[in-house]
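# Observations on the model geometry
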Amino acid sequence: MIQFLPTPEATVGATMPKLLQKGFFVKFTDEWPETLPYVKGKFFRIARVNEVNQDLPYILPSNDYRDVDFSNQTGGVNLYPETTKTLYEVALGFKPGNYQVQFYIPAGEFVSRLEQAGMVPDVTVVTRKYLGAFKPADSPYDDKRILLYFVKDLEPLIARTFVDTGCDFEKCVLGVTVNKCYLEEMKTPTSEQLARSKELLYYSQLRW
Amino acid sequence: MPSLAQALDAIGLVTVFAAEKQNAKIVPSQIIVDNEAGAAQRVITIQDVFTPAVSNGAPVPVVTTVNRLIITVDNAGWATIAAEALKELEILGQLQVSINVADAGTIVTISWGFK
């Protein structure tokens, strides 16, 4: 799942932690595929967490891009879990610069698109290079607002990192906090636990 | 915030001030060129040296040098560039200074931070 936390216009009441904490509940929807049976439609309690920071820096030329693969496959940056009991909640933010990021999962499948035919992100087309793009101001390095959820063997998530025209080169620094969550399955959650849980959608549900 | 003063007498005409910090840009906050003891007018170039990452359009990147600032300082002269004038100057890779003619009498002082 990908979640974007917009800037709040006002804050009322007690603040909630941005990341999942010990004792929180998560519910994977039934749309998760059969190839991920250890999470599909299941309900979990977070037994423990551990936050691990990482920076992904790339110097790229103007009007060019790099596909950053978050998975553990060859060429990836290895930010996916390796055990079925682990959920990685990844907070992603960007240091300032003349660049943007568009997400694909798996490669070639856009996360963001509009209903009109052909309205899909494409950095090589002037009229669509900003479509569905996240800029550094949308998720600052010190206030990360993009949350990604990874389980073992999930399809690779690609962050197409594109340096816009108007400069010669740009250093793109993707700041990552991996919140490692150890999952304990709960076979019969109460209605209150279900109400308090965070629902994790599969990517196909985001692409409607 | 680091600061370093060096005479520009390197045989290769290039003097390194700061190696690349991988996850940040180097942002000079002050540059002073002291050519009082220099033998002649000198041309100083602030350079940015880096190897870009592999990208869609450049699958085999090469070491790249970009001249970010060029200063001409008269014989027996000084040049001082303060933070206000440098605030948009960003060095993506290694910060180095080159001079048109190696001269032990030309001293450059640079202060910098990271962004």
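Up top is the structure.
The text that follows walks through the structure, step by step, so that each part is easy to find. (Residues numbered from 1 in each chain as written. Chains lettered and ligands numbered in written order. Predicted model: local features only at pLDDT ≥ 70, side-chain atom pairs only at ≥ 80, totals over all residues. Heavy atoms only, no water.)

### A short note on the overall build of chain A
Secondary structure summary: chain A contains 2 helices and 10 strands in total. Helices and strands in chain A line up, N terminus first, as β-β-β-β-β-β-β-β-β-α-β-α. Over its C-alpha atoms chain A spans a radius of gyration of 18 Å, differing by no more than 12% from the 17 Å that the globule rule assigns to 208 residues. Across its three principal axes, chain A shows a C-alpha extent of roughly 55 × 35 × 35 Å. (Helix = DSSP H or I, 4+ residues; strand = E, 2+ residues; numbered from the N terminus. Rg over C-alpha atoms; globule rule 2.2 N^0.38 Å.)

### What to know about the sheet that holds strand S4 (residues 64-69) of chain A
All names here are of chain A. Taken in spatial order, the 3 strands make up an open sheet running S4-S8-S6, and their pairing is antiparallel. Either end of the sheet is taken by a strand with one partner, and the two such strands are S4 and strand S6 (99-104). Here the average twist between neighbouring strands, direction ignored, is 25 degrees. The pairing of S4 with strand S8 (residues 158-163) spans 6 bridges and is antiparallel. Residue pairing for S8: Val68 is matched across the bridge by Ala159. (Pairing = 2+ DSSP bridges. Axes fitted to C-alpha atoms, helices over the stretch in contact; angles between N-to-C directions.)

### Points about the nonpolar core
If you look at the biggest cluster of nonpolar residues, it comprises 51 residues, and the most contacted ones within it are A:Phe28, A:Phe70, A:Leu87, A:Phe103, A:Phe150 and A:Leu154. Those residues in contact with A:Leu154 that sit more than four places away from it in its chain are A:Trp32, A:Leu36, A:Tyr80, A:Ile105, A:Tyr149, A:Tyr202 and A:Tyr203. Judged by nonpolar contacts, the second largest core, of 21 residues, contains B:Ile26, B:Val33, B:Val73 and B:Ile81. (Core = buried A, V, L, I, M, F, W, Y, C linked by side-chain atoms within 4.5 Å. Buried < 20%, exposed > 50% of the residue type's maximum accessible area, 1.4 Å probe, protein only. Contact = heavy atoms within 4.5 Å.)

### A closer look at the state of the cysteines
Under the defined criterion, the tally for this structure stands at 0 disulfides over all chains. Its sulfur unpaired, A:Cys167 is 8.5 Å from the next cysteine sulfur, which belongs to A:Cys172. (Disulfide = S-S within 2.5 Å.)

### Quick word on the environment of B:Val108
With respect to the secondary-structure elements, B:Val108 resides in strand S8 (residues 103-114). On a C-alpha basis, the gap between B:Val108 and B:Gln96 in space is 11 Å, while along the polypeptide they are 12 residues apart.

### Some points on the sheet that holds strand S2 (residues 14-18) of chain B
In sheet architecture, strand pairing relies on hydrogen bonds along the backbone and comes in two forms, parallel and antiparallel. Residue and element names in this part refer to chain B. With antiparallel pairing, the 4 strands of this open sheet are ordered in space as S2-S7-S4-S5. A strand with exactly one partner marks an edge of an open sheet, and here the two such strands are S2 and strand S5 (64-73). This sheet shows a mean twist of 25 degrees between the axes of neighbouring strands, independent of strand direction. Both S2 and strand S7 (residues 94-99) contribute to a ladder of 4 bridges, which runs antiparallel. Following the sheet pairing, Val16 is matched in S7 by Gln96.

### Some remarks on unusual backbone geometry
Here the bond from A:Ile105 into A:Pro106 is cis, since omega is -15 degrees, no more than 30 degrees from zero. One can find A:Pro106 in the loop between S6 and strand S7 (146-151).

### A look at the environment of A:Val178
All names here are of chain A. The residue Val178 is located in strand S9 (residues 169-185) in this model. Sequence separation between Val178 and Ile46 is 132 residues, and the spatial gap between their C-alpha atoms is 15 Å. Non-local contacts of Val178, meaning those with residues more than four positions away in its chain, are made with Asn50, Glu51, Val52, Leu79, Tyr88, Glu89 and Val90.

### Details of the interface of chain B and chain A
Contact residues are listed per partner, giving 19 residues for chain B and 17 residues for chain A. Taken together, the two surfaces of chain B and chain A that pack against each other cover about 1400 Å², and 54% of this comes from carbon and sulfur. The largest contributions to the chain B side of the interface with chain A come from B:Asn23, B:Lys25 and B:Leu92, which together make up 32% of the buried area. Our count for the chain B to chain A interface comes out at 3 salt bridges. Across the pair B:Arg68 and A:Asp168 runs a salt bridge, and its minimum N-O distance is 2.9 Å. Taken together, the residues that form the side of chain B that touches chain A break down as 8 nonpolar, 6 polar and 5 charged. (Buried area = accessible area lost by both parts, 1.4 Å probe. Salt bridge = Lys/Arg side-chain N within 4 Å of Asp/Glu carboxyl O. Nonpolar A, V, L, I, M, F, W, Y, C, P; charged D, E, K, R; others polar.)

### Re the environment of A:Leu5
All names here are of chain A. Summarising the element assignment, Leu5 is placed in the loop between strand S1 (2-4) and strand S2 (25-28). Classification of Leu5 by relative accessible area gives partly exposed; the value is 22%. C-alpha of Leu5 to C-alpha of Phe162: the two residues are 157 residues apart in sequence and 22 Å apart in space.

### Section: the packing of aromatic side chains
Residue and element names in this part refer to chain A. Following the criterion strictly, the structure yields 11 aromatic pairs over all chains and no others. With a centroid separation of 6.2 Å and an interplanar angle of 90 degrees, the aromatic rings of Phe94 and Tyr99 are classed as edge-to-face. Among the aromatic residues, those joined into a ring-pair cluster are Phe28, Trp32, Phe44, Tyr202 and Tyr203. The ring of Tyr141 carries the charged tip of Lys144 above its face, separated from the ring centre by 4.6 Å. Between Arg160 and the ring centre of Tyr104, over which it is positioned, the NZ or CZ distance is 4.8 Å. (Phe/Tyr/Trp six-rings, centres within 6.5 Å; stacked < 30°, edge-to-face > 60°. Lys NZ or Arg CZ within 6 Å of the ring centre and 35° of its normal.)

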